[in-house]
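Geometric and topological summary
If you want the building blocks of each chain, they are given just below.
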Amino acid sequence: MTHFLPYGSVGQQQTVNPQTVAMAEQELEMVTETFQRIVDSCYKKCIPPKYIEADLNKGESVCIDRCTAKFFEVSTKVGEALAQKTQQQQLSVQQQQQAQQGGGGGGWSLW
C-alpha cells in the first residue's frame, strides 16, 4: 500500500486503496481512448487534407462541434441500450434460476 502526505495533514499518513487507484487508471484510459476516437473521427470528417489556413475556419469549427456532439449522443444511446439489454438478460437468468429451484418437485405436492 502506498502512503502519502496530503496538503493539510503534515505528519499523518493515509492509505491509498490499490483497487481505487486501479479503477481510476482504468477510467482515465477509457476517457483517453474515447477522446482519441473523437479526434480521429472528427478530424477525418471535418478537416481537409490540404491546409489552407493555420487556424480552423468557421465551417470546420462548426463541423467539429457537431461531430463531437453526435459522438457523445450516439455513445450515450449505445450505453443505455447496452445497459438495458444487460439488465434484461440478468432478469431472465434470475427468472430461470427461480423456476428451476421452485419447479423441481417432481409432481409430489400435498397442496
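In the block above lies the structure referred to throughout.
The structure reproduced in this document is the subject of the present report. All values reported here derive from a predicted model rather than from experimental measurement.

1. Quick look at the nonpolar core
- Membership of the largest hydrophobic core is limited to six residues, which are Ile38, Cys42, Cys46, Ile47, Cys67 and Phe71.
- For this core, the secondary-structure elements that each account for two or more residues are helix H1 (18-46) and helix H2 (58-102).
- It is H1 that provides the largest number of residues to this core, a total of three residues.
- In contact with Cys67, other than residues within four places in its own chain, are Ser41, Cys42, Lys45 and Cys46.

2. Focus: the state of the cysteines
- If you walk through the whole model with that rule in mind, you get two disulfides.
- Between the sulfur atoms of Cys42 and its disulfide mate Cys67 the distance is 2.0 Å. Taking the sign of the S-S torsion, about -90° here, the bridge from Cys42 to Cys67 comes out left-handed. Residue Cys42 is located in helix H1, and its partner Cys67 is located in helix H2; the two are separated by 25 residues in the primary sequence. Assigned by exposure class, Cys42 and Cys67 land together as buried.
- Put simply, Cys46 and Cys63 are joined by a disulfide, and their sulfur atoms are 2.0 Å apart. Of note, the bridge from Cys46 to Cys63 carries an S-S torsion of about -70° and is left-handed in sense. You can see Cys46 sitting in helix H1 and its partner Cys63 sitting in helix H2, a full 17 residues away along the chain.
- For Cys63, a relative accessible area of 27% puts it in the partly exposed group.

Rules of the game
Residues numbered from 1 in each chain as written. Predicted model: local features only at pLDDT ≥ 70, side-chain atom pairs only at ≥ 80, totals over all residues. Heavy atoms only, no water. Core = buried A, V, L, I, M, F, W, Y, C linked by side-chain atoms within 4.5 Å. Buried < 20%, exposed > 50% of the residue type's maximum accessible area, 1.4 Å probe, protein only. Helix = DSSP H or I, 4+ residues; strand = E, 2+ residues; numbered from the N terminus. Contact = heavy atoms within 4.5 Å. Disulfide = S-S within 2.5 Å.

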